[in-house]
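Residue-level structure breakdown
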Amino acid sequence: MTPVKPFRCPVCRAKFRATRECSRCGADLSKLMQLAAMSRICRREARKAVQDHEFKNAHDFAKKAQRLHETENGHRLLLLTTWLNSPGPFWS
């Protein structure tokens, strides 16, 4: 598994501290915050879709979340939804 890379300021590479402005260089990080928030929303929707047995939707949300921001838990969720979508003897 690829190690998770935390968000960093695209200007000076300082660690992201969940603020709209970089603490080191003052760059506007609001777009970065939007990506982080959207990935969390997609993961929440994926978990809800799994609970509702909507495995295709769950997989789509998990995949989108990982494209926005890769995380270890997101990777696990993507693996789960991939497995749930695969044809197998359990679903026959």
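Bear in mind that the values here come from a model prediction, so they are computed numbers and not experimental data.

Here we take up the packing of helix H1 (residues 30-51) against helix H2 (residues 55-68). Close contact between H1 and H2 brings their axes to 8 Å; oriented N to C, the two are set at 160 degrees. The angle between the axes of H1 and H2 places the two elements in the roughly antiparallel class. Between H1 and H2 lies a crossing whose hand is left-handed. Contacts between H1 and H2 involve Leu35, Met38, Ser39, Cys42, Arg43, Glu45, Ala46, Ala49 and Val50 from the first element and Phe55, Asn57, Ala58, Phe61, Ala62, Lys64, Ala65, Gln66 and Leu68 from the second.

This part covers the environment of Leu35. Looking at the secondary structure, you find Leu35 in helix H1. Along the primary structure Leu35 and Ala65 are separated by 30 residues, whereas in three dimensions their C-alpha atoms are 9.1 Å apart.

Listed in full, the nine residues of the largest apolar core are Phe7, Cys9, Cys12, Ala14, Cys22, Ala27, Leu29, Leu32 and Ala36. Ignoring any residue separated from it by four or fewer positions in sequence, one finds Cys22 in contact with Cys9, Cys12, Ala14, Ala27 and Leu29.

Reading the values: rules and limits
- Residues numbered from 1 in each chain as written.
- Predicted model: local features only at pLDDT ≥ 70, side-chain atom pairs only at ≥ 80, totals over all residues.
- Heavy atoms only, no water.
- Axes fitted to C-alpha atoms, helices over the stretch in contact; angles between N-to-C directions.
- Helix = DSSP H or I, 4+ residues; strand = E, 2+ residues; numbered from the N terminus.
- Parallel < 35°, antiparallel > 145°, perpendicular 65-115°, else oblique.
- Left-handed = near helix turned anticlockwise from the far one by under 90°.
- Contact = heavy atoms within 4.5 Å.
- Core = buried A, V, L, I, M, F, W, Y, C linked by side-chain atoms within 4.5 Å.
- Buried < 20%, exposed > 50% of the residue type's maximum accessible area, 1.4 Å probe, protein only.

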